[in-house]
Each structure stands twice: as C-alpha cells, then as structure tokens.
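An overview of the molecular structure
What follows is each chain in one-letter form.
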Amino acid sequence: MSAVYDPRRESIALSIVVPVFNEEEALPVLAARLRPTLDGCGEPYEVLAVDDGSTDRTPHLLEDLRTVWPQLRIVALRRNSGHQAALTAGLHRALGAYVISIDADLQDPPELIPEMLALARADGLDIVYGVRIDRSTDTGFKRRTAAAYYWLMRRLAGSFVPAQAGDFRLLSRPVVETLKTLPDQQQIYRLLIPWLGFPGGQITYQRGERVAGTTKYPLHKMVLLAWDSITSFSAVPLRLATAIGAFSLVVCLAFLTWTLTVYATGSTLPGWTSLITTVLFFGAVQLFCLGMLGEYVARIYTAVQARPTYCVARDTDEERQ
C-alpha cells in the first residue's frame, strides 16, 4: 500500500500523540509541562490529543486549550474504543517526520522528548524507546505484575521485546507508514513495533507518579492486555492445548493399564469414584482446549469482518482546510 502524499508533512517535524480519556484534572498540568518542552525544541510540531470518548469535562478543556495553543489538534472518537485504538487513531493521522506517543498522566516525563529526538537523528534510529529503570512510585503489586508481563512476553513473543518499555516512544515516518499498512485488528504496539525490526535505541528514566485522577488501566484491563498480547503474538496457547491433550492421553493409557491389571487379578473395586474423576478430568481438558481454539477462531472472525477499531467523529485539523 502506498502512502497518500500530504504536503503539510514537509512543514511538521514532530507529532506528539496523547490518548486522553477522562483526564480533566491532568490536562492543565500536561499542557503546562508539554508545551514549554516542545516550544524549546525549536521545531515545527503538532500535538494530537485523541479524546477516547471522555464523559467528563475533558472535551471542553481541550477546546479551551486549543484557543491558546495553536499547535494543539483534537481528534475525537465517537465512543470509547480503548487505549491502543486511540493510539492507532493518533498514529494514523499524525503528520510529523517523527511521531512520539505519551500518556496524559505524565508518569512518562515529556522533558525527555528533545533527548529522544536528538538520539534518533544523531544515530539514524527509526525507533527510540522510553525504558523505565525505576518504578518505585508504583505499588508493589503493579511492579510485580509488570515484571511478570514483560518476562512472559519476551519468552513467548521473542527477546526483541524491550523490557519495561511501555507506550512512550519515538517513531520515524517510515515506521508509522509501515504500521498503517498492517491488517492487525488489535494492535499491541509494545510487541508489534519491536517485531518490525527497524533500528532502535532507548533512553532510561524514572517513572513518576500520576499527576491527577485515577488510573485508566485497572487490573482487569491489565489482564486483558496480557491475554491479547499472548494470543496476538504467539501460538503457544494452541501448542499448550496440544501438550495437555498428549498428557491426558498418557494418563488415560496409564489408567487403562491399571484397570486391566486390577480386573485380571480379580481385585475389582467399585468404580463410581474413578469413573466420575475420569469423566470430570477429561471433560475439563476438552473444554479448556475448545476454549483455546475458540479464542483463535474468534480472532479470525474479527479479522474477516474487518471492522475499524475506532471511528473518528471530529478532527480539528480538517476543519482548518
């Protein structure tokens, strides 16, 4: 697929993509830190605030900020589509030669943006990852689950996945255009981008505390992200189902051998308990394997439907044209 030429890309060096969902308390602080940093770069830039169906005063605050911040661009989605979908919407509409994604909670410091841009240009890198080397501001549970997630992803998807690298990263225009051609319905960027194989580097930093509001990634969303990551990038669960089936076959043969031995020696025992145990065991195994297959079939069904992961209701950049 060839990219559509847009002459405005020649005048924008840097695009900042910020997925936003119910961040009315964090937005003023975000603007107070992000705008001076970008103005100090001396580069023409744009900031894409992707409103992921916010239900608080976030849309109104964005409009207020836009009146005093000309580089701010609002991309409003019709409904809440999720963090990764909002990130996709921003990446697909960004015009800059380099695109940096960052969350609105400021746990990832925007002050590192000039350093990321300088590193990419100096070393000719297409990707610069923000890697968290200190997560002491997170709870112990959050640190342990994050460590378990990256450990699991590096073993299932591959060692190319940077440890402790979230969605704070810089991408060059070639990387963005490549991402736009991919047919994946559920794009897990912390796995997908390293998989592309573009030359990359990293900067390290200490993860800060959320400046305001509450986390938009509670436990159930973290579990869903881990599940989507596994099933999107690895066939290990299917192989696991096969391994469980093979193990069950061995157990079944052993149980059959034991049954025939007991019968031959005349030491037959009442078989209700063993029968129920066997039926329950193999029933559970079959349901587990069917459920695993069903998950992958559901993903095939979703891919065949080819429905968009997000629908844009408004882009202020188009209103200026």
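Residues numbered from 1 in each chain as written. Predicted model: local features only at pLDDT ≥ 70, side-chain atom pairs only at ≥ 80, totals over all residues. Heavy atoms only, no water.

Section: the confidence of the model for the protein chain
Put simply, the rule reads: A residue's pLDDT is the predictor's confidence in that residue, given on a scale from 0 to 100. Numbering of helices and strands runs from the N terminus; a helix is a DSSP stretch of H or I covering at least four residues, while a strand is a stretch of E covering at least two. We call two residues in contact whenever any of their non-hydrogen atoms come within 4.5 Å of each other.
Residue-level pLDDT values for the protein chain average 79, and 71% of them are 70 or greater. Least confident of the elements in the protein chain is helix H10 (residues 272-305), whose mean pLDDT is 67; most confident is strand E4 (residues 98-101), at 96. The low-confidence segment residues 1-5 (pLDDT under 50) makes five contacts with residues lying over four places distant or belonging to another chain.

Thoughts on the pattern of salt bridges
Under the convention used in this document: One speaks of a salt bridge when a side-chain nitrogen belonging to Lys or Arg is within 4 Å of a carboxyl oxygen belonging to Asp or Glu. Relative accessible area decides the class of each residue, using a 1.4 Å probe on protein chains only: under 20% of the type maximum gives buried, over 50% gives exposed, and in between gives partly exposed.
What the rule picks out here adds up to 11 salt bridges. Between Arg33 and Glu111 there is a salt bridge, and its shortest N-O distance comes to 2.9 Å. Residue Arg33 is located in helix H1 (residues 27-41), and its partner Glu111 is located in the loop between E4 and helix H4 (113-123); the two are separated by 78 residues in the primary sequence. With relative accessibility at 26%, the residue Arg33 sits in the partly exposed group.

What about H1?
Stated precisely, the cut-off is as follows: The span expected for a helix works out to 1.5 Å for each residue beyond the first.
If you check H1, its first and last C-alpha atoms are 21 Å apart, about what 15 residues at 1.5 Å a residue would give, namely 21 Å. Directly after H1, the chain includes Gly42, whose backbone phi takes a positive value near 70°.

Regarding the packing of H1 against helix H2 (residues 58-68)
Put simply, the rule is: Lines fitted to C-alpha atoms define the axes here, with helix axes fitted over just the stretch in contact, and angles between the N-to-C directions of these axes take values from 0 to 180 degrees. The cut-offs work like this: below 35 degrees is roughly parallel, past 145 is roughly antiparallel, 65 to 115 is roughly perpendicular, and the gaps in between are oblique. Each crossing gets its handedness from the near helix: less than a right angle anticlockwise from the far helix is left-handed, clockwise is right-handed.
Across the interface, H1 lies against H2 with an axial gap of 11 Å and an inter-helix angle of 30°. If you check the angle between H1 and H2, you find them roughly parallel. Two packed elements cross with a definite hand, and for H1 against H2 that hand is right-handed. Together, Leu27, Ala31 and Arg35 of H1 and Thr58, Leu61, Leu62, Leu65 and Val68 of H2 make up the contact between the two elements.

Some words on the pairing of strand E3 (residues 72-77)
As a reminder, the rule being used: Strands are labelled as partners when DSSP assigns at least two bridges between them. By convention, orient the strands away from the viewer: a clockwise path from the first strand over the helix to the second makes the crossover right-handed.
Counting buried residues along E3, six of its six residues qualify, which places the element largely inside the surrounding structure. Pairing of strand E2 (residues 45-51) with E3, which is carried by five bridges, proceeds in the parallel orientation. Across the sheet, residue Val47 finds its bridge partner in E3, namely Leu72. With H2 bridging E2 and the parallel E3, this β-α-β connection has right-handed handedness. Bridge analysis of E3 against strand E8 (residues 312-315) gives three bridges, and the strand direction is antiparallel. Counted as the bridge partner of Leu77 is Val312 from E8.

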